[in-house]
Amino acid sequence: MALYEEQNLRIYNSLSGKKESFTPVHEGHVGMYVCGPTVYSKVHLGNCRTFMSFDMVYRYFLHLGYKVRYVRNITDAGHLEDDADEGEDKISKKARLEKIEPMEVVQRYTTDFHNILRKFNFLPPSIEPTATGHIVEQIEIIKAILEKGYAYEKNGSVYFDVQKFDSDFEYGKLSGRRLEDMIANTRELTAQDEKNNPQDFALWKRAEPRHIMRWPSPWGEGFPGWHLECTVMSTKYLGETFDIHGGGMDLKFPHHECEIAQAEARYGQSPVRYWMHANMLTLNGRKMSKSTGNNLLPEEIFEGNNPILSKAYSPSVVRFFMMQAHYTSILDLSDDALLAAEKGYIRLMDALALLDSIPISEKSDVDLNAWKQRCYDALNDDFNTPILIAQLFEAVKWIHLAREGRQNLSADDKTNLESSLNAFVFDILGIQKPIAGTEASGKVDGLVQLLIDMRNKARADKDYATADQIRDTLAELGIQLKDGKEGTSYQL
RNA sequence: GGCAUCGUGGCCGAGUGGCUAGGCACAGCUCUGCAAAAGCUUGUACAGCGGUUCGAAUCCGCUCGAUGCCUCCA
C-alpha cells in the first residue's frame, strides 16, 4: 500500500479559498506546473523562496509514493515592458543594453538560475520547457481562441476579449475581482491603445522593426503575449486537466487570471484542479523586487557581502529559515532572523549526528509512531513545515535525554527515529548537512590538536594561566575550544 | 481610489472557538579550575474598542497600523 493511501493530504486552494482534500486526476500520479523565472537577470531570493516551497511540495509528493510530473518553465521570450509602449520586451531590451544576443542573455541567466538552485539543493523538475520552444503551439492556441470568438486581431496584434469572455464565463474569480469594478477603476492610459477595452490583454503582439525577438505568424511577424506560454506548456505536458498549478502570489493577477481565461476560452474549462500560491519574501518589511532594487541576491547571502548581513549564511541555513515559515505567509528576512535560524539549524544537525551514539534500552518511553504521525499530520495540513520542524525539535530533545540516560529508546524505535528524521529533514525539507570541516586542513588540525593537548596537560598540572592563554589566544584567532565529557573539540 | 492579506510574548514564527507549537535571545540549574560550549528547566502573548458565545488570539463590526495586487515581477 502506497504511503499516500494512508495519509490524507489537504491543500489550500487559492481558487476556492479553502483547504481541500487532495485527490489527483489519475490515481497515483500528480501533475504539477509552476511558473518559472524570466531569465533576464540574476535570480533573487524571493524567487528562490517560491521555488523552494514548491520543491518541498514536490519532495513530499514523491515521498508519499506518487509518480510526479513536475513542470517548471523558463520564460525566455520576455514579457512586454508595458502594454502601452512600443512593445519592447525585457529580454531584447537587456540584450541591446548589454550588446549581446537575446539568447545569450537567456543562456547566461538560465545558467545562473540553475547554479543557485543547485546550491539550495533543489530537485530538478521533470520538464523545464522554454517559451521560445513553444511558439508554434502558442500560435495554434491563439487561432483556436480566435475561432471561438474570444479574441480579435488589430494591426497584426491579437487581443483577448475580456468582456466577451466574462459574459460567458467569469473573469476575475481567482483574484476576487469583478470586471465591472475593474472597468470603473481603469486608469487613464497615456499612450494610444489599439485594444477595444483596457482590460483586454495581448495574445500576440506585432513586432516593431527594431524588435529583435520575432517570429512569423498568420498575423505577421511578432511575438507571443505574456500569459500564453504557461497555458500552452502546462496543458501540453500535463493534459487538459491537471492537478496543481503554482506560482508566486504576485502572479495571481493578472497572470494566472489570464491563464484561466485563455484555457477556458480554448477548452471550455480551466485545466487546474488546485491553485497554490506562495507568499512573498520581504526584506526590511518591503517586498523584494528586481525593479525597486530592494533585493538581496542568494550569492550575497552565501558570501555575506551585503550591508544588511553581519556574516555569510549557508544555503541550508537559508532553507531552514524559509521552512520555518508557512509557504502562504509573508516572511520577512533580516540578519537577526537568519542568525537565529542558523543556531536552530546547527542544534538540529548536532542532534542528528548524536543519534548513532545513544544507548539502546529494552523498552521505549516514547510513542514513536504517534510522533511520526504528528509529523505527517503537519505536512498533510497544507504542507505546514513550521509545525513539522517543531516536531523535529521534540525528537532532538529525546535524543539528548536518551543520551543522558534520562529516557529510554528501544532498538526498533531508534532505527525508526533515524529513518524518519532522515526522511523529514533531508528528503522532504531538502535540508543538507553542514559541509564537514574541510576548511581545516590536516596541518591546522594537527596544530590545534597539539595545542589542545598542551592545554589539557597544563590544566592537569593546575597551570591555569597557560591553559587560559592557549584558550584565549585561539579564541582571538577565531578558533573556539569546546570542553566536553569526551574531551575537547574545536570549531573554526 | 478599488480589491486583498496581515497585525501573536524581547525577536522570528505556528495556531483560527475551550487542551494555549517551535526556534533565537534572556534567566536559573547541571557540567567546568574559571569560563565558553553543550544539556535541562522556566515564559500564558495574541494592535485597540465594541459585539456574538458558558467560553475568543481564533467568529462579527468598527478604529488604527503595515504590506501586497490593481503595470513586467515569485
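Source: prediction; values computed, not measured.

(A) The sheet that holds strand S5 (residues 151–154), seen in detail. Judged by pairing direction, the sheet is antiparallel, and its four strands sit side by side in the order S5-S6-S7-S8 without closing on themselves. Each edge of the open sheet carries a strand with a single partner, namely S5 and strand S8 (222–224). Direction aside, neighbouring strands of the sheet carry axes that sit 20° apart on average. Where S5 meets strand S6 (residues 157–160), four bridges bridge the pair, whose relative direction is antiparallel. When the bridges of S6 are listed, tyrosine 152 appears paired with tyrosine 159. Strand contacts of helix H5 (residues 135–148): S5, S6, strand S7 (201–206) and S8, with the helix running at about 120° to S7, the strand carrying the most contacts.

(B) Looking closely at the confidence of the model for chain A. Considering every residue of chain A, the mean pLDDT works out to 87; 93% of them sit at 70 or more. Per-residue pLDDT stays below 50 along residues 188–192; that stretch engages in one contact with residues further than four places along the chain or on separate chains.

(C) Region of interest: the domain arrangement of chain A. Each assigned domain of chain A is listed with its residue range as follows: domain 1 (12–278), domain 2 (282–428) and domain 3 (442–491). On a C-alpha basis, the centres of domain 2 and domain 3 stand 31 Å from each other.

(D) Molecular detail of the pattern of salt bridges. According to the stated counting rule, one finds 19 salt bridges in the structure shown. A salt bridge links arginine 406 to glutamate 404, with the shortest nitrogen-to-oxygen separation between them at 3.2 Å. Residue arginine 406 is classed as exposed on the basis of its relative accessible area, which comes to 61%. Classification of glutamate 404 as exposed rests on a relative accessible area of 54%. Through salt bridges with shared partners, one network takes in Asp55, Arg59 and Arg319.

(E) Inspection of the UniProt feature "binding site: Zn(2+)" (unreviewed entry) in chain A at higher detail. According to UniProt, the feature "binding site: Zn(2+)" (unreviewed entry) maps to Cys35, Cys230, His255 and Glu259 in the numbering used here. Over a stretch of 225 residues, the named residues converge on one spot in the fold, their C-alpha atoms separated by at most 11.2 Å. Overall, cysteine 230 belongs to the buried group, its relative accessible area being 3%. Relative to the helices and strands, histidine 255 is located in helix H9 (residues 252–267). Accessibility expressed as a relative area gives 10% for histidine 255, which makes it buried. Apart from residues no more than four positions distant in its own chain, histidine 255 is found in contact with Cys35, Trp226, His227 and Cys230.

(F) The packing of aromatic side chains, seen in detail. For the structure shown, the criterion picks out 25 aromatic pairs. When the ring of phenylalanine 165 is compared with that of phenylalanine 169, the centres are 4.9 Å apart and the planes differ by 15°; the resulting orientation is stacked. Looking at phenylalanine 165, the relative accessible area reads 1%, which means it is buried. Judged by relative accessible area, which is 25%, phenylalanine 169 ranks as partly exposed. Relative to tyrosine 171, the ring of phenylalanine 165 lies with its centre 6.5 Å away and its plane at 90°, an arrangement referred to as edge-to-face. One exposure class covers both phenylalanine 165 and tyrosine 171, and it is buried. In this structure an aromatic cluster arises from ring pairing among Tyr4, Phe22, Tyr60, Phe61, Tyr66, Tyr274, Tyr327 and Phe383.

(G) Spotlight on H9. Along H9, the positions that sit buried rather than exposed are His255, His256, Glu257, Cys258, Glu259, Ile260, Ala261, Gln262, Ala263, Glu264 and Ala265. One or two steps after H9, the chain reaches glycine 268, where phi turns positive at roughly 85°.

(H) Representation of the nonpolar core within the structure. Counting residues in each nonpolar core, the largest one holds 133 residues, and the members touching the most others are Met32, Leu45, Phe61, Phe160, Phe383 and Leu392. In terms of residue count, helix H2 (residues 45–63) provides more of this core than any other element does, ten residues in total. Looking at which domains feed residues into this core, each of domain 1 (12–278) and domain 2 (282–428) gives three or more. Ignoring any residue separated from it by four or fewer positions in sequence, one finds leucine 45 in contact with Phe120, Leu281, Met288, Leu296, Pro298, Ile301, Val318, Met322 and Leu333. Val448, Ile452, Ile479 and Leu481 belong to the second largest nonpolar core, which has seven residues in total.

Definitions and cut-offs
Within every chain, residues take consecutive numbers counted from 1 along the sequence as written. In the order they appear in the text, chains get letters beginning with A and ligands get numbers beginning with 1. This being a predicted model, a pLDDT of at least 70 is required before a residue's local features are given, and a value of 80 or more before pairs of side-chain atoms are given or counted; all residues contribute to the totals for chains, interfaces and linings. To get the side-chain values, take all heavy atoms of the structure and skip hydrogens and water. Strands pair, by our definition, only if DSSP identifies at least two bridges between them. Put simply, DSSP marks the helices as runs of H or I at least four residues long and the strands as runs of E at least two long, and each gets a number from the N terminus on. Working convention: axes come from line fits to C-alpha atoms, limited for helices to the stretch in contact. Angles between N-to-C directions cover 0 to 180 degrees. Note on contacts: a residue pair is in contact if any heavy atoms of the two residues lie within 4.5 Å. Residue-level confidence of the predictor is what pLDDT reports, using numbers from 0 through 100. Throughout the structure description, domain borders are defined by an automatic or database domain assignment. By convention in these notes, a salt bridge is any Lys or Arg side-chain nitrogen within 4 Å of a carboxyl oxygen on Asp or Glu. Buried residues are those whose accessible area, probed at 1.4 Å on protein chains only, stays under 20% of the maximum for their type, while exposed residues exceed 50% and partly exposed ones sit between those limits. UniProt positions are given in the numbering used here, feature names are shortened, and annotations may be inferred rather than shown by experiment. Between rings of Phe, Tyr and Trp, where Trp is taken as its six-membered ring, a pair exists when centres lie within 6.5 Å; planes separated by under 30 degrees are stacked, by over 60 edge-to-face, and by other angles tilted. The nonpolar core is taken to be a set of buried Ala, Val, Leu, Ile, Met, Phe, Trp, Tyr and Cys residues, with the residues joined through side-chain atoms within 4.5 Å.

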